[in-house]
Amino acid sequence: MKLTFPLLRLPENVIIKVLKNLWLSQLYLFKFSLVSSETKNLVTSLGLKASDVDIIISRSIRVAVYVGKNLKNHLTLDFYKDSNDQNAVADISLSVDAPFDYEGTRIQTSILFNFSNWLNHIQSLFCLNPPLNVFFYQGCERFEVQSLKDAIRNVNFLSLFNQINVLSREVLKHFNTPSRLFLWMNPFEEACQIQQVFLQNFETIAFRNFFSLDDMLLANSVRVDLCHPISQKQFNQFVKHWIRGSNPRLQYMHLPIDKTDFASGVVYLKGIRCMEMSEDAKKEIREKHKLPVNVDMIQIRRNDGTPAVIESKDLDDRIHIRLIVLH
């Protein structure tokens, strides 16, 4: 005879104590939360907190929920993955099942919610207050951008890896208030149109495509990560503009200079007043910004007195430069 334990007949405070002491994984707590409104409220009462929720949109949608410091172990839910026609437009307003897994264990349910309700369930269950992180990849054109925006609402981190310019522009139009933005390509017809993105006051902007000195000078973000190599002259001009007062919000910039540009000598600091630093001061900055111990740096100063350091590191075919503003 199989014995069962009448868990749901116990008082609510006792049930919560039992669930806490069972050390159930996210997988089984999530499954338990789908049984009824009562079980959802019980799991919510445990106070689970997601550090991040990533939404990866390609030909299907994957939602990854991270709880705790171990980022390798996370709960994932898949939507529209088993569609017969992966090129057909997907209607996310329709109710669908979402198989989910954790640490290699996969569970298929028969619960049907639309995508918005699935997200609401996740956010209420894991006490997620910060906005979500959203990644667009090739194949995301299956999904209507306005519907995604209505379901996801505001985002913390927006990343565009796809190379469909029209769709990328549509995404930037609707998801227009992220604090961090990553762009793989310039989605605009005219190269200079990227400036309307650089002008926005993100916390972080990362851009992998070609950019000009004007683009750099218009960057209104706290942190700027640029991946396309530039010339020494271009960097030199930027620093001189910064010393005179450009980019007032900038606290950190990373960019590479092509090594071939050093064939005639090092000129990226030409005409810039540089100050030597003590080894203790360098060590403090390396530790604070988690820089390698073998990088060197010099100090510069803005006309208003604001100090900064320029750090360089030789890697492969590029010299990686960091401009770090000090407080």
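As a convention, each chain's residues are numbered from 1 in the sequence order in which they are written. In keeping with the model being predicted, local features are shown solely for residues with a pLDDT of at least 70 and side-chain atom pairs are shown and tallied solely at 80 or more, while totals for entire chains, interfaces and linings include all residues. Think of the side-chain values as coming from all heavy atoms in the structure, minus any hydrogens and water.

Visitor: Even after reading the chapter, I still don't get the packing of helix 5 (residues 145-152) against helix 6 (residues 165-174), so can you show me in this structure?
Guide: Pairs of packed helices are described in terms of their axes, by the angle between the two and the distance that separates them. Their axes nearest at 10 Å, the elements helix 5 and helix 6 cross at an angle of 30°. Relative to helix 6, helix 5 is oriented roughly parallel. Seen along the crossing, helix 5 lies across helix 6 with a hand that is right-handed. On the side of helix 5, the interface is formed by V145, Q146 and K149, while helix 6 contributes L167, E170, V171 and H174. Residues are grouped as follows: Ala, Val, Leu, Ile, Met, Phe, Trp, Tyr, Cys and Pro are nonpolar; Asp, Glu, Lys and Arg are charged; every other residue, Gly included, is polar. Residue composition of the contact of helix 5 with helix 6, by class: 3 nonpolar, 2 polar and 2 charged. Every axis corresponds to a line fitted to the C-alpha atoms, with the helix fit spanning only the stretch in contact, and the corresponding angles, defined between N-to-C directions, vary from 0 to 180 degrees. Strands here mean DSSP runs of E at least two residues long; helices mean DSSP runs of H or I at least four residues long; both are numbered from the N terminus. Angle categories are assigned with fixed cut-offs, so that under 35 degrees is roughly parallel, over 145 is roughly antiparallel, 65 to 115 is roughly perpendicular, and the rest are oblique. Put simply, a crossing is left-handed when the front helix is turned counterclockwise from the back one by less than a right angle, and right-handed when it is turned clockwise. The contact definition used throughout considers only heavy atoms, calling two residues in contact when any of these lie within 4.5 Å.

Visitor: What exactly am I supposed to notice about the pairing of strand 6 (residues 132-136) here?
Guide: Two faces, one strand: in a regular strand the side chains alternate between the faces of the sheet. The rule is simple: take the accessible area with a 1.4 Å probe, protein chains only, and divide by the maximum for that residue type; under 20% is buried, over 50% is exposed, in between is partly exposed. Of all 5 residues that make up strand 6, 5 are buried, and the element is covered over most of its length. Burial along strand 6 is two-sided: the face carrying L132, V134 and F136 and the face carrying N133 and F135 are both buried. Alignment of strand 6 against strand 7 (residues 155-160), held across 5 bridges, turns out to be parallel. Bridge pairing links F135 to S159 in strand 7. Once the chain exits strand 6 it traverses helix 5 before rejoining the sheet at strand 7, and the crossover so formed is right-handed. Pairing between strands is defined by DSSP: at least two bridges between them are needed. We call a crossover right-handed when, viewed with the strands running away from us, the connection from the first strand over the helix to the second turns clockwise.

Visitor: How do you make sense of the packing of aromatic side chains when you look at a structure like this?
Guide: For any two aromatic rings, the description comes down to two numbers: the centre-to-centre distance and the angle of the planes. Two rings from Phe, Tyr or Trp (for Trp, the six-membered ring) form a pair when their centres are within 6.5 Å of each other. A pair whose planes differ by under 30 degrees is stacked, one over 60 is edge-to-face, and the rest are tilted. Within this structure, the stated rule accounts for 16 aromatic pairs. With 6.0 Å between their ring centres and 70° between their planes, F79 and W118 make a pair best called edge-to-face. Linking F79 in strand 3 (residues 74-79) with W118 in helix 4 (residues 115-125), this pair joins segments that are 39 residues apart in sequence. Each member of the pair, F79 as well as W118, carries the same accessibility label: buried. Through a chain of ring-to-ring contacts, three or more aromatic side chains come together here, namely F30, F79, Y80, F100, F113, F115, W118, F126 and F143. Here, a charge over a ring means that NZ of Lys or CZ of Arg falls within 6 Å of the ring centre while also lying within 35 degrees of the ring normal. Positioned above the aromatic ring of W184, the side-chain terminus of R208 is 4.4 Å from the ring centre. Between the NZ or CZ atom of R223 and the centre of the ring of Y252, over which it lies, the distance is 3.8 Å.

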